[in-house]
Amino acid sequence: MWRYLLHRLLVLIPVLIGVTFASFCLLYVIPGDPVQAVAGERYDESVLEELRAELHLDDPLLVRYGRFLEGLLRGDLGRSYVTREPVLTRILVTFPRTLQLALASMAVAIVLGLSLGLAAAARPGSWLDRLCMTLASIGISMPVFWLGMVLIYLFAIRMNWLPPSGYGDGHPRHIILPALTLGMASAALIARMTRSAMLEVLGQDFIRTARAKGLHPWRVLVRHGLRNALLPVITVVGNDFGSYLSGSVLTERIFAWPGLGRYTLEAVAKRDLPALQGSILVMALAFVLVNLLVDLTYAWIDPRTRRGGA
Amino acid sequence: MKSNIILLLLCLLSLGCGNSGEGGDPAVFHNYLSEEPQSLDPAFAVDQSSGILVSLLYPGLFRFAADGTPVPDLVDDWQLSADGLIYTFRLHPDRSFDDGSVIDTDDVIRCFLRLLDPEHPSPRRWVLDGLKGAQSFIAGHSGHVAGLNAPDAHTLVVELETPFSPFLGLLAMPATRLYPAASDGTPAQIAGLPVCGGPWRLTEWHRGDRFLLGRREMGGPDNFTGLEFRIIPQPFTAGAEFSVGNLDLLQVPLTEVAYWVEGEHKGTVTRQEELVISYIGLNTERAPFNDPRVRQALNYAIDVEALIRTCRSGAATRAGGPVPPSLREGAPREQFRYRPERARELLAEAGLSAGFDMEIWQKENPEVSRILETVQIFLADVGIEVKIVVRDWGAFKDAINKGSADAFFLDWLADYPDAENFLYPLFHTSNRGGGGNRCRYSEPVTDILLDELRATPESDARRRLVAQLNDSIYTAAPWIWLWYPVSIQVLNPRIHSYQPPVIFNGQDYLEVTRDVALPTS
Amino acid sequence: MKACLHHSGFVVGAFLVLLFIVAAVLGPTLLGVDPMAADTDAALRAPEAAHPFGTDIAGRDLLARVVSGARVSLTVGLISRLVALLLGTAAGLLAGYLGGWVDGLIMRLADMTMAFPALLLLIGIVAAFGPSLPTLYLALGFLGWAQVARVLRSQVLVLRDSDYVDAARVIGCSRVRIMIRHILPACAPTLIVLFSMGMASAIIAEGSLSFLGLGVQPPQPSWGSLIRDGFDFLRSASWLALIPGVCMALAVLGFNLLGDALRDLLDPRKITSGGGVL
């Protein structure tokens, strides 16, 4: 187990280096220049040159990348070209907010998904089953940017139940709509997987025995079926959690959520390489670590998967 | 376990209910910015959001009133020499920064020198490079600027190389704000917050999220004690926040003018023609746009009035040259009314009767896309095939600064309220590219007149020069003349004494009041 | 075939998919309305007989634009998915069959692609090459290859040790021949399912990019750009955002249902449909 873990951790290093190098090269070939964001709408060409020199933008690609790696070893992600503030400072503020949103989305996905899935499995073929599965199908089909705006329109503007946007200093009311938006697709997926896992179990003899003994169907469902449904739920949550972290870019923009996703989007627009580089590194790191955690859970439950190791 | 989770969810939901637009602290004016400010350092505050905040947090020698005129801020009184070269400013003796230090001429000289310092390049160097001796300071030949002197702690004498009548406007720009310095010359901070000295101080800075400003000097009982700026990038979201009462002010999206203005809106609507011009710049170095007849044809081919009606819901004044009407005299220019037949004639004269293909570039923005899609239809009518090229902000700026786009849609926002700001940066040969002249217009006669304009003190002669330049550039048509936009804002109906500024940093929010007596709706 | 018709997911999914394909292919001809034809006198009309889906601010018929958008969105989905399958299949076959360092390298590349924030990668590629249809095909295709490669690799790992592949090896077939003639056909059901589900996420991804203004260039509509445009009118002309949104959701739903049903019917395990996390 420990060797497996060590091996997996070692494999992460080239992946992360690859990700940072790829983002470095990508930003290098994109047309656009960070000093144009610094310079604004009216500037002298000579100032532009001085700014480029000050920010070492004229150095060759590999030299700049080397400097980044060197800083990374010292735990320094550099300073933003545009705001001149240390990238790490900003990431330490924004990443927890993104993490918060991801966790809330996961909670939504699990609670909503399990409830729908259990409700559907309780009476297969009934109208409740159909309703739940239809809801699940709809949930998985809506693009987040559309869903987000529709939710704002319905629950904030029309009903006035929830605040339309913002972080609200972490007040839980503010996280509900973005978390629903982000978690909806996984909720739908979990609902479907829970249902099929439950049905598989419920068809087995011991359940029928339990039912015959007069146990309340809900208890049967929860005590026996739920355990069986957990594995697919872990799969979905593990797969999607990583993408919540990196994929909340649009949700954060729509809900004015001051997380890492929005910071990164602005960094791309302004070609702010250090800011982008640092954010992508953190997002990728979070993604691979969550995946590792999921795989470890698997390996713990089912040692056979350790061989696959991909 | 599961029932716990459901309980938790129910709790969350119950917390959520009953949010009937209480709108937060009534002593705080709730405002928003659509982009995160790039920098709170005056030397780097080049974007609108930064400019707004810097102007509220730091004092300047002058500031802009809402109507755009520069009014004294730190300055008690001032004189200008008869030749228009030497300004003598008396600074108010007891204005101080939040760290307790009195603001004196040393602060002014330190901050001004940092703007010019070649060791720490500032993109706003051009603001003060007209001071006497500034060029040799920038070049490193001299350790001080000859035209910047302080006979005593509260008297400042500024000498210019040549007269520049909008100079006081430069002293009201965000770039010339004053701040106490840290050891490296950047604005000093205490506990992560800048040390302020303007009308407001920054009391909370939630990075990426919002800024909370506190009033520095006591106001009346109905005045605001706090000023909040949230960052809300999506206009739709800002609209939602306003309609539930969480914002006191909303920039009305053009598509919703009817909803807010004529519908059952919940606010007071204000309209303000800002010192802004929207245009489609034509790259005059490229064929066929190097031929004035082609450029004129493009202007004849587009029904700007119709565009204003549809794409701007009427919220704009048709442009008659680069200079907004409030900054010039003379009759409105009407030469380029919609005359597609005249456009075809001109194209035929230029040997392009078969039409041609062109690209119009834009920064990604659905409002601009709607405008250009209509422009495309008008131009197709005279045989010009337009391809709209949408690029993200970085690539768009790169292309227009380097001159690699045929044509591009852009707004120009005034830095200071003077016709010169709409002429010299935009059309002088020396400003081609990033200097502002992105249509790369280069006309020797215009250059001479522009240089003359800059050196002429405010007078009838100068006003005639402005009119002459405006008219000749209008006729030469390096741009497709679109409009001076009218910004439409809705205010919370309980807000009073708010005047929408004509220049983006022209509102200090000190006089604005909230009427708390009205019952809650 | 009979099993298909009894599978309600398959029926609904296939119906939706067919509906949109027919609309995209024949719609523009059948309607005979130019999606670009502006008529400012008929601007912002609510849905009515002459314009079943209403009109936009330039008076363009929304039905015609939605149909034309369907063509764009489906083409982008289709081609980008083909690119993803092509890249992913090649990578998955090589990694699974050859193993060793090739496997390691390809899987690390796949890890990298998946660890890279998807939307940022898309924005980067589009900014680098300029937004155009070919860029979209390649960018979205590139984004999808890693998942295909992983799924295929795990299947190839199983097939590699199967009897009939051993038999082919014994009679002296070349490695390329074994991969293409013997292993690939056995993976066909998996590929079909991956294709259908991938279409769903490609349509959403195109929408997300267009939502940021970096998708299809105006005035050509795609569902994403129609939605983005429509949201500016949500209070004054709500149909402009709602109708394209519903169309997009239905198409995604169709491809997801079809993918799920095909998985049930063809039974390649271990694939889950992608949600709209972008």
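Quantities reported herein were computed from a predicted structural model and do not represent experimental measurements.

Cut-offs and rules
- Residues numbered from 1 in each chain as written.
- Chains lettered and ligands numbered in written order.
- Predicted model: local features only at pLDDT ≥ 70, side-chain atom pairs only at ≥ 80, totals over all residues.
- Heavy atoms only, no water.
- Helix = DSSP H or I, 4+ residues; strand = E, 2+ residues; numbered from the N terminus.
- Rg over C-alpha atoms; globule rule 2.2 N^0.38 Å.
- Contact = heavy atoms within 4.5 Å.
- Areas by Shrake-Rupley, 256 points an atom, 1.4 Å probe, with all protein chains shown as cover.
- Buried < 20%, exposed > 50% of the residue type's maximum accessible area, 1.4 Å probe, protein only.
- Lys, Arg positive; Asp, Glu negative; His and termini not counted.
- Charge placed at Lys NZ, Arg CZ, Asp CG, Glu CD.
- Core = buried A, V, L, I, M, F, W, Y, C linked by side-chain atoms within 4.5 Å.
- Domains from an automatic or database assignment.
- Buried area = accessible area lost by both parts, 1.4 Å probe.
- Salt bridge = Lys/Arg side-chain N within 4 Å of Asp/Glu carboxyl O.
- Polar contact = N/O pair within 3.5 Å; in protein donor to acceptor, adjacent residues only side chain to side chain.
- Nonpolar A, V, L, I, M, F, W, Y, C, P; charged D, E, K, R; others polar.
- pLDDT = per-residue confidence, 0-100.
- Pairing = 2+ DSSP bridges.
- Axes fitted to C-alpha atoms, helices over the stretch in contact; angles between N-to-C directions.
- Phe/Tyr/Trp six-rings, centres within 6.5 Å; stacked < 30°, edge-to-face > 60°.
- Arc of directions from axis to C-beta.
- Patch = residues over 30% accessible without salt bridge, like charges linked within 9 Å, V, L, I, M, F, W, Y side chains within 5 Å.
- Parallel < 35°, antiparallel > 145°, perpendicular 65-115°, else oblique.
- Left-handed = near helix turned anticlockwise from the far one by under 90°.

Chemist: Help me out: how do you make sense of the overall build of chain B in this one?
Modeler: Helices and strands together make up the secondary structure of chain B, namely 15 helices and 22 strands. By the compact-globule yardstick of 24 Å for 521 residues, chain B fits well, its C-alpha radius of gyration being 25 Å. Dimensions along the principal axes, computed over C-alpha positions, put chain B at roughly 75 × 70 × 45 Å. Sequence-distant contacts in chain B: of pairs separated by 6 or more residues, those separated by 24 or more amount to 68%. Carbon and sulfur atoms provide 52% of the accessible area of chain B, an area that totals close to 19,300 Å².

Chemist: How should the overall build of chain C be read in this particular structure?
Modeler: Along chain C, the regular secondary structure elements total 10 helices and 0 strands. Along chain C, helices (α) and strands (β) appear in the sequence α-α-α-α-α-α-α-α-α-α when read from the amino end. If one aligns the C-alpha atoms of chain C with their principal axes, the spans along those axes are about 75 × 50 × 30 Å. Residues counted as buried form 60% of the 278 residues belonging to chain C. Here the analysis covers contacts within chain C between residues at least 6 apart in sequence; of these, 73% occur between residues at least 24 apart. Counting only carbon and sulfur atoms, one obtains 69% of the accessible surface of chain C, whose full area is about 10,700 Å². Averaging the positions of the 19 positive and the 17 negative side-chain charges in chain C gives two centres separated by 10 Å.

Chemist: Would you mind showing me how to read the nonpolar core here?
Modeler: Nonpolar side chains in soluble globular proteins generally cluster together in the buried interior. Counting residues in hydrophobic clusters, the biggest one holds 311 residues, and the most contacted among them are L61(B), F89(B) and M358(B). Shared between two domains, this core takes at least three residues from each, and those domains are domain 1 (15-73) and domain 2 (96-309) of chain A. Each residue touching F89(B), except ones within four places of it in the same chain, is listed here: L61(B), F62(B), V75(B), D77(B), W78(B), H154(B), T155(B), L156(B), V158(B), L168(B) and L171(B). Core analysis: the second largest hydrophobic core is formed by 17 residues, V156(C), A168(C), C187(C) and L194(C) among them.

Chemist: Can you help me understand the interface of chain B and chain A in this one?
Modeler: Interface size, as often reported, equals the accessible area lost upon joining of the parts. Taken together, the contacts link 64 residues of chain B with 55 residues of chain A. In this assembly, chain B packs against chain A so that about 5,200 Å² is buried in total across both faces, 53% of it on carbon and sulfur atoms. Summed over the shared surface of chain B and chain A, the result is 7 salt bridges. Between E85(A) and R207(B) there is a salt bridge, with its nearest N and O atoms 2.9 Å apart. For the interface between chain B and chain A, the tally reads 23 residue pairs in polar contact (both at pLDDT 80 or more). If you tally residues by element for the side of chain B that touches chain A, the top one is helix α1 (residues 2-16) of chain B, at 7 residues. For the side of chain B that touches chain A, the class distribution of residues is 24 nonpolar, 20 polar and 20 charged.

Chemist: Before we go on, may I ask you to explain the confidence of the model for chain B in this structure?
Modeler: Detailed reading of predicted coordinates is not advised where the pLDDT is low. Looking at chain B as a whole, its pLDDT mean stands at 90, while 94% of the residues score no less than 70. Residue range residues 1-22 of chain B is modelled with pLDDT below 50. Its contacts to residues more than four positions away, or to other chains, number 23 contacts.

Chemist: Quick question: what am I supposed to make of the interface of chain C and chain A here?
Modeler: Taken together, the contacts link 45 residues of chain C with 49 residues of chain A. Between chain C and chain A the total buried area reaches about 3,800 Å² when both faces are included, carbon and sulfur atoms providing 78% of it. Seen at the junction of chain C and chain A, the total is 1 salt bridge. Two residues, D260(C) and R192(A), come together in a salt bridge whose shortest N-O distance is 2.4 Å. At the junction of chain C with chain A, the criterion picks out 3 residue pairs in polar contact (both at pLDDT 80 or more). If you list the elements that add at least two residues to the side of chain C that touches chain A, you get α4 (100-115), α5 (118-129), α6 (133-160), α8 (175-211), α9 (223-231) and α10 (239-266) of chain C. Of the residues forming the side of chain C that touches chain A, the biggest block, 11 residues, is contributed by α10(C). When its residues are assigned to classes, the side of chain C that touches chain A shows 29 nonpolar, 10 polar and 6 charged.

Chemist: Even after reading the chapter, I still don't get the confidence of the model for chain C, so can you show me in this structure?
Modeler: All names here are of chain C. Chain-level pLDDT for chain C is 84 on average; 94% of the residues reach the 70-or-more range. In the model of chain C, helix α1 (residues 2-6) stands out as the element of lowest mean pLDDT, 69, in contrast to helix α3 (residues 62-98), which has the highest, 91. Across residues 272-278 the pLDDT falls below 50, and counting only partners more than four positions away or on other chains, this stretch makes 32 contacts in the model. For this predicted complex, the interface score ipTM comes out at 0.88, alongside a pTM of 0.90.

Chemist: Explain the sheet that holds strand β7 (residues 155-159) of chain B here, please?
Modeler: Sheet strands line up and pair through hydrogen bonds in the backbone, either parallel or antiparallel. All names here are of chain B. Taken together, the 4 strands give an open sheet; going across it, the order is β4-β5-β7-β6, and neighbouring strands pair in antiparallel fashion. Two strands bound the open sheet, and with one partner strand each, they are β4 (75-80) and β6 (148-152). Strand-to-strand, the axes of this sheet are offset by a mean angle of 20°, without reference to chain direction. The sheet contacts of helix α3 (residues 105-116) involve β5 (86-91), β6 and β7, and relative to β6 the element is tilted by about 170°.

Chemist: Whenever I open this one, the packing of aromatic side chains confuses me. Can you help?
Modeler: Two aromatic rings, taken as a pair, are described by how far apart their centres are and by the angle between their planes. Residues and elements named next belong to chain B. Evaluated as defined, the whole model comprises 33 aromatic pairs over all chains. When the centroid spacing of 5.7 Å and the interplanar angle of 35° are considered together, the rings of Y474 and W481 count as tilted. Residue classification places Y474 among the buried positions, given a relative accessible area of 1%. What makes W481 buried here is its relative accessible area of 2%. Both rings, one in Y498 and one in Y509, keep their centres 6.1 Å apart while their planes meet at 35°; by these two values the pair is tilted. Taken together, the residues Y498 in the loop between β21 (495-496) and β22 (513-514) and Y509 in the loop between β21 and β22 connect sequence positions 11 residues apart. These aromatic residues form a ring-pair network of at least three members: Y279, Y300, F336, F408, F427, Y441, Y474, W479 and W481.

Chemist: Got a minute to help me understand helix α10 (residues 340-349) of chain B in this structure?
Modeler: Residues and elements named next belong to chain B. Residues of α10 that are buried: P340, A343, L346 and L347. With its buried residues spanning 115° around the axis, α10 presents them on a single face. Backbone geometry just after α10 places G351 at a positive phi near 80°.

Chemist: Honestly, the sheet that holds strand β1 (residues 28-33) of chain B in this entry has me stumped. Any pointers?
Modeler: Residues and elements named next belong to chain B. Pairing in this open sheet of 4 strands is mixed, and the strands run β1-β12-β11-β10 from one edge to the other. The sheet terminates laterally at β1 and β10 (200-206), the two strands that pair on one side only. Going across the sheet, the axis of each strand differs from the next one's by a mean of 20°, ignoring polarity. Where β10 lies against strand β11 (residues 210-215), 6 bridges are found, and the strand directions are antiparallel. Looking at β11, one finds that W200 is bridged to R215.

Chemist: What exactly am I supposed to notice about a nonpolar patch on the surface here?
Modeler: On the surface, a nonpolar cluster with roughly 460 Å² of combined accessible area is contributed by I21(C), V22(C), V25(C), L26(C) and L30(C). Within the secondary structure layout, L26(C) lies in helix α2 (residues 8-31).

Chemist: Got a minute to help me understand the packing of helix α1 (residues 2-29) of chain A against helix α4 (residues 61-73) of chain A in this structure?
Modeler: Helix-helix packing is described using two parameters, namely the angle between the two axes and the distance between the axes. Residue and element names in this part refer to chain A. Their axes nearest at 11 Å, the elements α1 and α4 cross at an angle of 140°. Taken together, the axes of α1 and α4 lie oblique to each other. Every pair of crossing elements has a handedness; the one defined by α1 and α4 is right-handed. Listed contacts from α4 to I17, T20, F21, F24, C25 and Y28 of α1 are L61, L62, R64, Y65 and F68. Of the residues contributing to the contact of α1 with α4, the split by class is 9 nonpolar, 1 polar and 1 charged.

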